[in-house]
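Spelled out, the chains give:
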Amino acid sequence: MSAQPNSRDMISLYHVDKVYPPNQMALRDIDVTINRGEFVFVAGASGAGKSTLLKLLFAEERASRGQVLVGGRNLVTISRPQKAALRRNVGVIFQDYKLLETRSVLENVAFALEVIGVKKRERFQLAFKMLSAIGLKERIHALPPTLSGGEQQRVSIARALINRPQLILADEPTGNLDPDMTIAVFNLLLEANRCGATVIVASHNLTLIEEINKRTLVLDKGRLIGDFERPKG
Ligand SMILES: Nc1ncnc2c1ncn2[C@@H]1O[C@H](COP(=O)(O)OP(=O)(O)OP(=O)(O)O)[C@@H](O)[C@H]1O
Ligand SMILES: [Mg+2]
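Note that the coordinates shown come from a computational prediction; the quantities given were computed from them, not determined experimentally.

**Student:** Even after reading the chapter, I still don't get the overall build of the protein, so can you show me in this structure?
**Tutor:** Looking only at helices and strands, the protein features seven helices and ten strands. For 233 residues, the compact-globule formula gives about 17 Å, and the C-alpha radius of gyration of the protein, at 17 Å, lands near that figure. If you line up the protein on its principal axes, its C-alpha atoms span 50 × 40 × 40 Å. A total of 233 residues make up the protein; the buried ones form 37% of that total. Within the protein, contacts between residues at least 6 apart in sequence are counted, and of these 67% link residues at least 24 apart.

Next comes the structure, spelled out in structure tokens:
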């Protein structure tokens, strides 16, 4: 029942396997299409392959078999310059936050705007606004190593969303956050989605997934065992 490649689709995977050397099968025969503007959860137990799926979509890992198309580009054969161009339109929130340890919170977030040429004053204004929205107003001058896990997670979220990417890949974005902060972060992700971004969130928090009520892909030991569409709203 696999669909045919279509460049208008934001993301398509065709018969994708991912094997980590020497023989760790992380994804098996994944076939799925995600359209532009969708909000999709990737659910499944620890080790099911959620992070691996997101890494394939960011071209951080390469599929061992099959095709991975993102925005009409085939990530299996993509060149280095094409990869860099693709990544400029993708906001990623990784499980490890990858913050610049010697730059302040505000600089970490503003830096994402510097690389796309936004003027200094505007960069810092936008970064401050985004950080305020997720409760980090008081911590903007702190260095990442001095923050709690949840604070670091919020900085990485602000940095991923600040330049309004067309595609947002979020790996357990609220794993370290309390319920209020979880809501604040999902409000940002949902708002980005309402503004047109495609959002893909890996999570094993089933309560949260139920509550947000969006399309959910379920992985089990590397296989896609469920694809549940939810009512709009
Ligand atoms: N770099 C790697 N080398 C070898 N095996 C790996 C590597 N990364 C992941 N794996 C394995 O691939 C499988 C899927 O891992 P993955 O990180 O995608 O799972 P996950 O669903 O994100 O789990 P979690 O909920 O714990 O984050 C696991 O069995 C894991 O041990
Ligand atoms: Mg993971």
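That shown, we press on.
**Student:** What should I look at first to understand the site of ligand 1 in this one?
**Tutor:** Close to ligand 1 lie Y20, Q24, A26, G44, S46, G47, A48, G49, K50, S51, T52 and H204. Of all the secondary-structure elements, those providing two or more residues to the shell around ligand 1 are β2 (24-34) and α1 (50-57). For the shell around ligand 1, the element with the highest residue contribution is α1, accounting for three residues. Here the residues of the shell around ligand 1 sort into three nonpolar, eight polar and one charged.

**Student:** What's the story with the pairing of strand β1 (residues 11-20) in this structure? I'm lost.
**Tutor:** A regular strand places its side chains so that they alternate between the two faces of the sheet. In this sheet, β2 lies alongside β1 in antiparallel orientation, the contact comprising seven bridges. In the sheet register, K18 faces β2, and the bridge partner there is L27. Hairpin connection, β1 to β2: the antiparallel pair is bridged by three residues.

**Student:** Explain the packing of helix α5 (residues 149-161) against helix α6 (residues 179-194) here, please?
**Tutor:** At a closest axis distance of 12 Å, the pairing of α5 and α6 adopts a crossing angle of 10°. For the element pair α5 / α6, the angle class is roughly parallel. Residues G150, R154, I157 and L161 of α5 touch α6, and the partners they reach there are M181, V185, L188 and A192. A breakdown of the residues in the contact of α5 with α6 according to their chemical character gives six nonpolar, one polar and one charged.

**Student:** Explain the nonpolar core here, please?
**Tutor:** Considering soluble globular proteins, one finds that nonpolar side chains tend to be buried as a cluster. Core analysis: the biggest nonpolar cluster contains 62 residues, and V42, V109 and I168 have the highest contact counts within it. Here the element with the most residues in this core is helix α3 (residues 105-114); it accounts for six residues. In this structure, this core is formed jointly by two domains, domain 1 (1-89 + 165-233) and domain 2 (100-164), each of which donates at least three residues. In this structure, V42 is in contact with K50, L53, I200, V201, A202, L217 and L219, ignoring residues within four places of it in sequence.

**Student:** Just checking my understanding: could you explain unusual backbone geometry for this structure?
**Tutor:** When glycine is set aside, most residues are seen to have a negative phi, and most peptide bonds are trans. Omega for the peptide link from P21 to P22 comes to -5°, which places this bond in the cis form. Within the secondary structure, P22 sits in the loop between β1 and β2. For D29, which is not glycine, the phi torsion reads 50° and is therefore positive. Looking at the element boundaries, D29 is found in strand β2. Since 15 C-beta atoms lie within 10 Å of it, D29 is described here as partly exposed. Residues other than glycine seldom take positive phi values, yet A59 does so here, at roughly 60°. Mapped onto the elements of the fold, A59 is located in the loop between α1 and β4 (65-70). A residue is classified by how many C-beta atoms lie within 10 Å of it, and A59, with 21 of them, is buried.

Analysis parameters
- Residues numbered from 1 in each chain as written.
- Chains lettered and ligands numbered in written order.
- Predicted model: local features only at pLDDT ≥ 70, side-chain atom pairs only at ≥ 80, totals over all residues.
- Helix = DSSP H or I, 4+ residues; strand = E, 2+ residues; numbered from the N terminus.
- Rg over C-alpha atoms; globule rule 2.2 N^0.38 Å.
- Buried ≥ 20, exposed ≤ 12 C-beta atoms within 10 Å, placed from the backbone.
- Contact = placed C-beta atoms within 7 Å.
- Near = placed C-beta within 6 Å.
- Nonpolar A, V, L, I, M, F, W, Y, C, P; charged D, E, K, R; others polar.
- Pairing = 2+ DSSP bridges.
- Axes fitted to C-alpha atoms, helices over the stretch in contact; angles between N-to-C directions.
- Parallel < 35°, antiparallel > 145°, perpendicular 65-115°, else oblique.
- Core = buried A, V, L, I, M, F, W, Y, C linked by C-beta atoms within 7 Å.
- Domains from an automatic or database assignment.

Take it as geometry only, folks, not as evidence of what the structure does.
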